[in-house]
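# Descriptive structure summary
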Amino acid sequence: MMPDQKPEQFSKAKNSPSSPRIGLFVTCLVDLFRPNVGFAAIKLLEDAGCEVFIPKSQTCCGQPALNSGDVENTKTIARQVIEHFESYDYVIVPSGSCGGTIRTHYPEILADDPEWTERAAVFSSKVFELISFLTDIRGISTVQARCEATATYHDSCSGLRELGIKQQPRRLLFSVEGLTLREMDKAENCCGFGGTFSIKYPDISNAIVSEKTEAIKESGADLLLGGDLGCLMNIAGKQSRQGQKVRAMHVAEILANMSDGLAIGEED
Amino acid sequence: MTAIESTFKKRAQAAVANKTLKAAIERTASTAEKKRAIAIAELPDFSNMRSCAKRIKDHVIANLDHYLETFERNAVASGAKVHWARTAEEASHIAVDICKMAKAKRVTRSKSMLGEEIGLPHALELAGIECVETDLAEHIVQLAGERPSHIVWPAMHKSREEIFSLFKSKHEKPPVSEEIADLVLSARRDLRQKFLTADVGISGANFLIADTGAVCVVTNEGNAELTTTPPKVHIVTAGIEKLVPSIEHAFVLLRLLVRSATGADITQYTTFHCGPKRPNDADGPEEFHIILVDNGRTQMLADGMEEMLRCIRCGACMNHCVVYRQVGGHAYGGTYPGPMGAVLTPVFDGLKQSRDLPHACTLNGRCAEVCPVGIPLPTLLRQLRSRSWRSGYEPWLTKANVSVWAQFAKRPKLYHAVSKIASKVIRLFQKNGRIRWMPLAGNWTRHRDLPAPASRSFMQLQRSRHKENGS
Amino acid sequence: MSLARKQIMGNISVALAHREKADEHSIDQEAVKLLTSFEPELPGLSIADVVEAFYTRTSGPKVGASITRISSMEELIDTVAGVLSEKGLVNKIALQPDRALVDLDWGQSGFQLGKEVDDGVVVGIARWGIAETGSLVFHSASDMPVLFNFLPSFHIVAVRASTIVPYLESYANAANIAGDPTPRNVCLVTGASGTTDIEGVLVTGAHGPRELHIILIDDTNQIVGTYDEN
Ligand code: SF4
């Protein structure tokens, strides 16, 4: 196992003793595909009075292994994440499915390991998805942001059903100036991503995501928002193939007022 | 292994391309979904009711031996003959033997998924006994020489036009039009005389009532009673997990079963059968046999799959499953389709044969959300995936991919170095921020673009900003 | 004991070896407790009066029956005649051989009593009614042939207000208290035979009755609304 590296503190030294210390788990997809979401998360957390740290030793939460049935490798990754993040007051993840994996599934897979059972349970209670952390733990109800758009919000499955995220992002989006929120039909329906599912069963996945893009089109929105980059890449990828003009962004980017850049799948 | 996997994939692929099938599934499943939502909303507290139902089933499963013994004792006291079957073959063998003893030429059967599970229609056919399916949908499926595609609406994949031409060629008196009412009438006419001339009637069981030895069967058509009352012999085939302590417990589950299945509050006919015809009874069978079937259930109990034994076969999980809604029931290739089938088929047919079913799921959790007995279907599917992985049933390519990826994920420095290179390589394929095709990503780019990776990763950007900040 | 039984029971006790095996009495007690924890969650009856609730329910869209209310058994024959003439049917019926029905003077009112149940009109009487679901409960016996509920085309059922109970569970309880012998066959009938098997469209008369008409006899005004479960 890699020795822990000195984590980098990102906060502008807001060293008030009451500021909770946050370990930000950016997720592998955000790291590679959408760094802006990571910076948006930092801004939102700092605005909420937190001190943000980014452990360098982070990679991925282990979902690809977990969902393939490779429990042994997932366990190793889980232990590694716990070791690197357990010293923080909270561990914040800008993704419902990675948050769900860490919060819900780590304790499950480590349950048969007496050394880790307790440790995983304590750890998991500190893990939150970004937006629900802001509203439910930090009590944030408005943000300072502006975005001229008609947006529709896709409820990603893990966030919705494993972590109970439904009203939180909508409540915050409500305070974004210029933004109109318009619900699509069946916003809670899965987009057909399912991680490795989308690659193992491309045709089924395609049939499912096609219904999602249809519902988005029907809603008349020009901006698609969501809390999970995997789903957003899936939907945006389909929209782009279909030649649809709806832009796609992570909800944190809007809330952090960092929405003037390129949307997902636009050239940088 | 690969052949079977490609078979599921082929079936699914064909189903996805079949627009008529899609329309047929959507018609029934979306109505069921809407009606269920209304019925559940009308309940004072669904989640508490569900947890009561779950506790009842868990209680029975934790005391399964006790309840089996109690049920057997009371059923025997009511005059029933109780048989035990370890496997599907044993169960259908017992049923066929009873039919032979009764010198049966014609047997009527009211819909029972367990009957399908143990291959009873086939076993009767082999024994040269005419087996008449009496549930309308099963009747359609039987005439078409197919298998059920849904556990509540076995013929949901068929359109009225198809049924019309089927009935026209198979019914003595064909239907007068394609109108659904005429089709139903035609089946009624065709089946009525068969009900009254059958030698044995076979039903399943929705609940086995331990404290009376009664068997509860529910239908909307009334075909179960018409199947089981006129013949001299009534055979019940039931899984051992169908037990409940008393009729009151059955009612708790019944409320959820019907609402979850069709959105109604109760079925038109809810019948409790307790033993054979009594001396003063006006009608009823002279012999009443109950075949208690294990067929993998005790193995589920031992294997950490006992939560699946709570299943009351309502079909809600499939009605709400995005995959089922695209591929339909036949693609699953087993008796039980959808999420519950993806858990059960590996138990009945072997995980090796059906390893793709637990994978053909996005783990979105909707099924568990609607399941009236709180079965954590995604968790069970994950469990099967890891069992398949450990047993070496996964294709080598999948194993290799995941293992290599994991080696990086476990080594952060290496991971970031490699992903930096990978991003660069992937970006070579981008045009306007999108990748329309690239090697090894064909399964993704077949149907959708891949957003290009960022030119610099979050970790890289963050490090340089950090330096700029001078801290 | 069959080998299969022995093995199945053996498998179960191995699989459940980790549990503390409770004695029969405490298992039964636990089972009862599971029911009491459930009581507050019964579906609401919109009207406190169970007979009213039964009436509302059976005349509403959920049950798919028609219903007439009369104040005594004496009015039954005329009511049946009225129902039949409304449908344009002749007064040819088969009677469920229950004393309460058989003893009435049907012949005098021009009824032709037959034995033809198959696809005909049957007039029956339910042992109980359940308000929650609008169900009629039949207990098989010499005076209640099971097939009388399934073979007719048109099913007319009388039910006494005094036998209507609020919930499904109350039926089990009330039958116990009334000392009903456990019949071979208990059938809860809720509406006419129906199917949605073809294209999800509801059609009645799948195999059993095409229509169900209920005649509610308000026999005991005092009892109405005072039904006590305990
Ligand atoms: S798993 Fe649950 S939802 Fe699916 S059929 Fe069984 S009881 Fe119904």
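My aim in this report is to walk through the structure given alongside it, one point at a time.

What counts, and at which threshold
- Residues numbered from 1 in each chain as written.
- Chains lettered and ligands numbered in written order.
- Predicted model: local features only at pLDDT ≥ 70, side-chain atom pairs only at ≥ 80, totals over all residues.
- Heavy atoms only, no water.
- Pairing = 2+ DSSP bridges.
- Helix = DSSP H or I, 4+ residues; strand = E, 2+ residues; numbered from the N terminus.
- Salt bridge = Lys/Arg side-chain N within 4 Å of Asp/Glu carboxyl O.
- Axes fitted to C-alpha atoms, helices over the stretch in contact; angles between N-to-C directions.
- Contact = heavy atoms within 4.5 Å.
- Near = heavy atom within 4 Å.
- Nonpolar A, V, L, I, M, F, W, Y, C, P; charged D, E, K, R; others polar.
- Expected span 1.5 Å × (residues − 1).
- 1 Å grid on protein atoms, 1.4 Å probe; cavity = no way out; pocket = protein on both sides within 12 Å on 5 of 7 lines; lining within 4 Å.
- Points joined across faces, edges and corners; volume = space filled by probe spheres on them.

Residues and elements named next belong to chain B. Strand order across the open sheet formed by three strands is β11-β12-β13, with antiparallel pairing between neighbours. Each having just a single partner strand, β11 (430-431) and β13 (450-451) make up the two edges of the open sheet. Pairing geometry for β11 and strand β12 (residues 434-435), over two bridges, is antiparallel. From the neighbouring strand, Lys431 faces β12, where its bridge partner is Arg434.

Moving on to the pattern of salt bridges. For the structure on display, the rule yields 55 salt bridges over all chains. Among the salt bridges present, the one from Arg79 of chain A reaches Asp113 of chain A, with a minimum N-O distance of 3.4 Å. Of this pair, Arg79 of chain A sits in helix α4 (residues 71-85) while Asp113 of chain A sits in the loop between α5 (96-109) and α6 (114-124), and the two are 34 residues apart along the sequence. Here Glu26 of chain B makes a salt bridge to Arg325 of chain B, at a shortest N to O gap of 2.8 Å. Highlighted residues: Glu26 of chain B in helix α2 (residues 19-42) and Arg325 of chain B in helix α15 (residues 322-327), separated in sequence by 299 residues. In this structure, a network of salt bridges that share partners links the residues Asp155, Lys166, Arg170, Glu183 and Glu188 of chain A.

Residue and element names in this part refer to chain A. One open sheet accounts for four strands, arranged β7-β6-β8-β9; its pairing is parallel. For this open sheet the edge positions go to β7 (177-181) and β9 (247-250), each flanked by a neighbour on one side alone. Looking at each pair of strands side by side, their axes are set apart by 35° on average, direction ignored. Along the sheet, helix α12 (residues 229-242) contacts β6 (146-154), β8 (223-226) and β9; its crossing angle with β8, the most-contacted strand, is approximately 155°.

On to the site of the ligand, then. Neighbouring the ligand are the residues Cys311, Ile312, Arg313, Cys314, Gly315, Cys317, Met340, Cys371, Pro372, Val373, Ile375 and Leu377 of chain B. A class-by-class count of the residues in the shell around the ligand yields ten nonpolar, one polar and one charged.

Attention now goes to helix α20 (residues 396-409) of chain B. One turn of an α-helix holds 3.6 residues; hence residues three or four places apart share an orientation. The end-to-end C-alpha distance of α20 of chain B is 20 Å, a good match for the 20 Å that 14 residues give at a rise of 1.5 Å each. Its buried side turned inward, α20 of chain B meets α3 (63-68) and α4 of chain A together with α19 (377-390) and α21 (412-427) of chain B.

Before going further, it helps to spend a moment on the arrangement of the chains. Contact analysis covers two pairs of chains in contact, and the most contacts occur between chains B and C. For chain A and chain C, which are not in contact, the least C-alpha distance works out to 16 Å.

Moving on: empty space enclosed by the protein. Going through the model one piece at a time under the given rule, you end up with nine cavities of 30 Å³ or more. Quantified by volume, the largest cavity comes out at close to 670 Å³. Around the largest cavity, the lining comprises 38 residues; the ones closest to its centre are Lys111, Ile151, Val152, Asn206 and Val218 of chain B. Residue assignment for the lining of the largest cavity shows that the elements contributing at least two residues are α6 (113-117), β6 (214-219), β7 (233-239) and α12 (247-261) of chain B together with β10 (194-195) of chain C. Of the residues contributing to the lining of the largest cavity, the split by class is 15 nonpolar, 14 polar and nine charged. Considered as a void within the structure, the second largest cavity measures approximately 150 Å³ in volume. Mapped by element, the contributors of at least two residues to the lining of the second largest cavity are α2 and α15 of chain B.

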